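Here are the chains, one letter per residue:
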Amino acid sequence: MSGIGRAARPAVVPRSPAEAGVSADDDGPAAPFKHQSYGLCPAGRIGPNAIIQTAEALRLLRGDAAARSVFATAGLEAYLTAPPADMVDEAEVIRLHRALRAALDEDSARAASIKAGQLTAAYLLAYRIPPAAQRLLRLLPARLASHALSRAISAHAWTFAGTGRFTARPGKPTIYDIGQCPLCRGQRADHALCDFYAATFATLFAELVHPHARAREISCQATGASACRFEIDW
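Residues numbered from 1 in each chain as written. Predicted model: local features only at pLDDT ≥ 70, side-chain atom pairs only at ≥ 80, totals over all residues. Heavy atoms only, no water.

Some words on the state of the cysteines
In step 1: Throughout the structure, instances matching the rule amount to zero disulfides.
In step 2: Cysteine Cys184 shares no disulfide, and the gap to the nearest cysteine sulfur, in Cys228, comes to 3.4 Å.
In step 3: No disulfide involves Cys220; its nearest neighbouring cysteine sulfur is the one of Cys184, lying 3.8 Å away.
In step 4: Of the residues examined, Cys220 reaches a relative accessible area of 1% and is grouped as buried. (Disulfide = S-S within 2.5 Å. Buried < 20%, exposed > 50% of the residue type's maximum accessible area, 1.4 Å probe, protein only.)

In structure tokens:
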């Protein structure tokens, strides 16, 4: 499977809620960084970018009609005119990504997922990761930067994995696992399905750790693996 690498920053700021993946009044505690699984959001909530940036990616790549078709299939068409401004039920994200694969051919669905992940990372870089922290990460050697970025991702994993379980093993390569991954939960396929996550990780690492960073999903629960595993290398 080919990896996902750096993408050009969007010409327009990606559509977004007031906060990316975290509600304005619920920042959540930062968990201590360990190389082990984290129990994530018990309520099964996921940041709104998983929906907002998927809509934007579909509009950019396929047009408004395709976006309406996918969101209608998922029963989420109302979000196209009133995007969510807070955490959403992970069941909605699960339905949206199933609908994406049902309504589009494989290549188009994958392209939309990748673009949505890139837009999500661009939003995080523009609004959620402080500029001073970004400058520091870029000054660090890549191995140290991968540890620092993985610490931040682990602390906020509850915002993108819902009731899934996230494990981080930073280094070269960096390995992330998501057990009970919401993007492919209950799905069966002969190839990995979680391009949204891979593209988000690839874009963040390319901007903050090493310009040649690439990410690929090396195992996926949809193919029978015990967890979705992402390898980020440079």
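Topic: the pattern of salt bridges
A side chain with one charge may pair with a side chain of the opposite charge, provided their charged atoms come close.
In step 1: In this structure the tally under the stated criterion is eight salt bridges.
In step 2: Across the pair Asp233 and Lys172 runs a salt bridge, and its minimum N-O distance is 2.7 Å. Remark: Lys172 occurs in the loop between β4 (165–169) and β5 (174–179) and Asp233 occurs in strand β7 (residues 228–233); sequence separation between them is 61 residues.
In step 3: Between Arg216 and Glu231 there is a salt bridge; the shortest N-O distance is 3.3 Å. On the criterion of sequence distance, the pair formed by Arg216 in strand β6 (residues 214–219) and Glu231 in strand β7 is long-range, its members being 15 residues apart.
In step 4: Overall, the relative accessible area of 34% leaves Arg216 in the partly exposed class.
In step 5: Several salt bridges share partner residues, and in doing so they unite Glu56, Arg59 and Asp64 into one network. (Salt bridge = Lys/Arg side-chain N within 4 Å of Asp/Glu carboxyl O. Helix = DSSP H or I, 4+ residues; strand = E, 2+ residues; numbered from the N terminus.)

Observations regarding the side chain of Ser150
In step 1: Inspection of the secondary structure assignment puts Ser150 in helix α6 (residues 142–155).
In step 2: Separated by 2.7 Å, the side chain of Ser150 and the backbone oxygen of Ser146 make a polar contact. (Polar contact = N/O pair within 3.5 Å; in protein donor to acceptor, adjacent residues only side chain to side chain.)

Re the packing of helix α2 (residues 64–73) against helix α3 (residues 90–103)
In step 1: Viewed as axis vectors pointing N to C, α2 and α3 meet at an angle of 125°, and their least axial separation amounts to 8 Å. Taken together, the axes of α2 and α3 are oblique relative to one another. Every pair of crossing elements has a handedness; the one defined by α2 and α3 is right-handed. Across the interface between the two elements, Ser69, Val70, Phe71 and Thr73 from α2 touch Leu96, Ala99, Leu100 and Ala103 from α3.
In step 2: For the contact of α2 with α3, the residue count by class is six nonpolar, two polar and no charged. (Axes fitted to C-alpha atoms, helices over the stretch in contact; angles between N-to-C directions. Parallel < 35°, antiparallel > 145°, perpendicular 65-115°, else oblique. Left-handed = near helix turned anticlockwise from the far one by under 90°. Contact = heavy atoms within 4.5 Å. Nonpolar A, V, L, I, M, F, W, Y, C, P; charged D, E, K, R; others polar.)

Description of the packing of aromatic side chains
Here a ring pair, both rings aromatic, is described through the centre-centre distance and the interplanar angle of the planes.
In step 1: Counted by the stated rule, this structure contains 12 aromatic pairs.
In step 2: Pairing Phe205 with Trp234 gives two aromatic rings, centres 6.4 Å apart and planes at 25°, and the pair type is stacked. Residue Phe205 is located in helix α8 (residues 195–208), and its partner Trp234 is located in the segment after β7; the two are separated by 29 residues in the primary sequence. Trp234 carries the same exposure label as Phe205, and that label is buried. (Phe/Tyr/Trp six-rings, centres within 6.5 Å; stacked < 30°, edge-to-face > 60°.)

Quick word on the pairing of β5
In step 1: Taken across its six residues, β5 has six buried, putting it largely inside the fold.
In step 2: The antiparallel pairing of β4 with β5 creates a hairpin that spans four residues between the two strands, and Gly171 there sits at a positive phi of about 135°.
In step 3: Note: β5 against β7, five bridges, orientation antiparallel. Directly across from Thr174, in β7, lies its bridge partner Ile232. (Pairing = 2+ DSSP bridges.)

Some thoughts on the confidence of the model for the protein chain
In step 1: A residue-level look at the protein chain finds 83% of positions with pLDDT of 70 or above and a mean pLDDT of 88.
In step 2: Low pLDDT (under 50) marks residues 8–14, which in the prediction has 10 contacts with non-local residues, meaning those over four places away or in another chain.
In step 3: Low pLDDT (under 50) marks residues 16–39, which in the prediction has 61 contacts with non-local residues, meaning those over four places away or in another chain. (pLDDT = per-residue confidence, 0-100.)

Some remarks on a negative patch on the surface
In step 1: On the surface, a cluster of negative charge is made up of Asp105, Glu106, Asp107 and Asp190.
In step 2: Positionally, Glu106 belongs in helix α4 (residues 106–128).
In step 3: For Glu106, a relative accessible area of 52% gives the class exposed. (Patch = residues over 30% accessible without salt bridge, like charges linked within 9 Å, V, L, I, M, F, W, Y side chains within 5 Å. Areas by Shrake-Rupley, 256 points an atom, 1.4 Å probe, with all protein chains shown as cover. Lys, Arg positive; Asp, Glu negative; His and termini not counted. Charge placed at Lys NZ, Arg CZ, Asp CG, Glu CD.)

Quick notes on the packing of α6 against α8
In step 1: The geometry of α6 relative to α8 is characterised by a closest axis approach of 11 Å and an angle of 135° between their N-to-C directions. By the angle between their axes, α6 is oblique relative to α8. Helix-helix and strand crossings are classified by hand; for α6 and α8 the assignment is right-handed. From α6, Ala145, Ser146, Leu149, Ser150 and Ile153 reach across to α8, where they touch Phe201, Leu204, Phe205 and Leu208.
In step 2: For the contact of α6 with α8, a count of residues per class yields seven nonpolar, two polar and no charged.

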